Each structure stands twice: as C-alpha cells, then as structure tokens.
Amino acid sequence: MRKNLVHISGRLVPENEAKISIFDSAVMLGDTVTESTRTFLHKPFKLEEHIERLYKSLKVVRNDIGYGKEEMLRISLEVLNTNLEEYGASEDCWLVHNISRGISIAGSDPTSTSNEATVMIFVQPMDLRSWAPFYIDGCHAVTPMSRAIPSQSMDARIKNRSRMAYTLAEAEVKLIDPHAQSVILDIYGNVSENKGGNVFVVTGGVLKTPTTGNCLAGITRETTLQLAKKLGITAEETILQPYDLATADEVFFTSTPYCIMPATRFNGITIGDGRVGPVTKKLMAAWSDLVGLDIIEQARNQLKD
Ligand SMILES: Cc1ncc(COP(=O)(O)O)c(C=O)c1O
C-alpha cells in the first residue's frame, strides 16, 4: 500500500487524515478551481504552465490564497516527489490541485468564508486504460443534447470543478454509445470542447481547433499547436461546426492524460477512411518524442496488467 501523502492547507498528511468540512465552498457551491498535471518518466510536464493557469483562474474568481506561484511550485514538488518514491519506474501519475474559497458562511454573500482557502494537492496513478484502445481504433465522438455553459456566464478559460454540465453531457452521449466521447457544442451550435479535452480536425492537411472563446485554453492543445508548427503542419484557431467534424479527414481530442485521442466516427458517421489518419499519427509520434516515452505503448501496456 502506498502511503499517499496529500497536501491540505499547509499540512502534508496521509490521505485518510485529509478532511474538509461539509460546509466547505467546494461542496456547498462547487466553488473550486483546479489543475491536473501529469508526469512522464516521473517528471512533471509543464508544471509551471499549469501553476500559471491556476493563478489566473484564482485571480478571475477572486480567491486570494495568500501566497504566490513560487511557493505553490515548491509545495507541489514536495507532494509529487514524496509520493513518487513509491512509484515503479514505468508508472506515472497525476498531480492534482483543487482550491476552494474555504468554509462557506450561509447568507447573502456566497464569497464570505470563516477561514482561509482550502488548498488540496494530491497525486494519483496515471490510469490510461479507458483511453488506451482509442489510440489504435479511434473513438466515437458524439454531440450531447446539453450545450456548454456560455463564456458570458463563466469564462471557459477558468479551469474549475463545477462539473455538472460536463457530467450531464457525458452521460447523454453514453446513451448513444457506452464508449462515446462528447463533443459539446456551445449555445450557437459551434464546437466547444469535450468534458476534459479540446477538439481538433484535419481537413485538406490543415489542422483546425476552436478558439478559446468557448473552450479551455488546454495546455495539451497549446503543445499540439507548437508541435504542428515544428512539423510544418498549417494550423488555424477557428469556428468549427458539427459539419466540419463529419466532413473532416481526421478528428482528435487533446488532454493532459492521453495527449492525443483519435476519433474515427462522429455521430455515427465514419470520419475519413475510418482509420487513425497520418497527421494524427505524426502528432502522436511527436508527442512521444517530446516526452521521451511512447505514449501509445505506455497506455496499451496497462491493458495487459
Ligand atoms: C473542460 C476541459 N477542456 C479541456 C481540457 C484539456 O486541458 P489540458 O490539455 O490542459 O489538460 C480539460 C482538462 O482537464 C478540461 O477539463
């Protein structure tokens, strides 16, 4: 059994000793910003960028936790390195940050709390089994009935734990196909994102993805755009509609755990020739080169365990 030490508001404690109040604004209001970083070969990938995004989210939601990015980096590395000692060489992990406003005081002001922010940082094994088959076969991308929360209500760039809308969307696509992955549309019918990833298409050799006007500014999205540039693949941030996915040559999702997840069907329609396409494969190979391990092999090896 791993000791699994977690950080909770200034203390490093075993997981079963980390308790939050049932009145915490995380529970009462879903008032939590979050980050999920992963390791490759035990090294955190773009942790500074994740912390940068975390502090932007904190700023926009007006939650001042009393210390800055450097201290957050130090604490994060402490949690990570302490726990990594117990991970095998071929195992990787998530490093997750959840920060709420603290213990909520019921009344007219939902931002009033009786204590400081609740800072929760923990690691979990990088379990890739549910995505592993999609590297080879591609997944079925499906649009749910529910639409994305408009950025006019909550900017999609705030990475938060108010996940009800994403959960409902994902539940809806599972009614169509139990293995479907959501492509959530915004209120105008434009493609926004997946419950935990960004969406890309390849059409006529050009890579396209929605602007961050209606989706999270994913770190994997940004890295994929950087890799495309290096590979000489033309890329555009633009408006995409369901038609563009149905008629694309290739479609894939990007997210921290899996990097790239190809899709070979969209709402029951075969995408391109129904196989994972050449641009997607090139980008997956570039990801493997960048992080120093074969991302497909790592995920597929977990299916053998
Ligand atoms: C709603 C949403 N979109 C996109 C992403 C992908 O972001 P990243 O590449 O930074 O993991 C996530 C990640 O969890 C997400 O929650």
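Parameters at a glance
- Residues numbered from 1 in each chain as written.
- Predicted model: local features only at pLDDT ≥ 70, side-chain atom pairs only at ≥ 80, totals over all residues.
- Heavy atoms only, no water.
- Helix = DSSP H or I, 4+ residues; strand = E, 2+ residues; numbered from the N terminus.
- Rg over C-alpha atoms; globule rule 2.2 N^0.38 Å.
- Buried < 20%, exposed > 50% of the residue type's maximum accessible area, 1.4 Å probe, protein only.
- Contact = heavy atoms within 4.5 Å.
- Areas by Shrake-Rupley, 256 points an atom, 1.4 Å probe, with all protein chains shown as cover.
- Lys, Arg positive; Asp, Glu negative; His and termini not counted.
- Charge placed at Lys NZ, Arg CZ, Asp CG, Glu CD.
- Domains from an automatic or database assignment.
- Buried area = accessible area lost by both parts, 1.4 Å probe.

Now for the overall build of the chain. Secondary structure assignment for the chain yields nine helices and 16 strands. Relative to its length of 305 residues, the chain is compact, with a C-alpha radius of gyration of 20 Å against a globular reference of 19 Å. Overall, the chain is about 55 × 45 × 35 Å in size when its C-alpha atoms are taken along their principal axes. Counting all 305 residues of the chain, 50% fall into the buried class. Put simply, 70% of the contacts in the chain that link residues at least 6 apart link residues at least 24 apart. About 14700 Å² of surface is accessible on the chain, with carbon and sulfur atoms providing 54% of the total. Across the chain, the centroid of the 32 positively charged side chains sits 2 Å from that of the 37 negatively charged ones.

What follows is about the domain arrangement of the chain. Many descriptions give the size of an interface as the accessible area lost when the pieces come together. Per the domain assignment, the segments making up the chain are domain 1 (5-125) and domain 2 (134-304). The straight-line distance from the C-alpha centre of domain 1 to that of domain 2 is 26 Å. Listed per partner, the contact involves 23 residues of domain 1 and 22 residues of domain 2. Its largest share of buried area at the contact with domain 2, domain 1 owes to Arg38, Phe40 and Arg53, together 31% of the area lost on that side.

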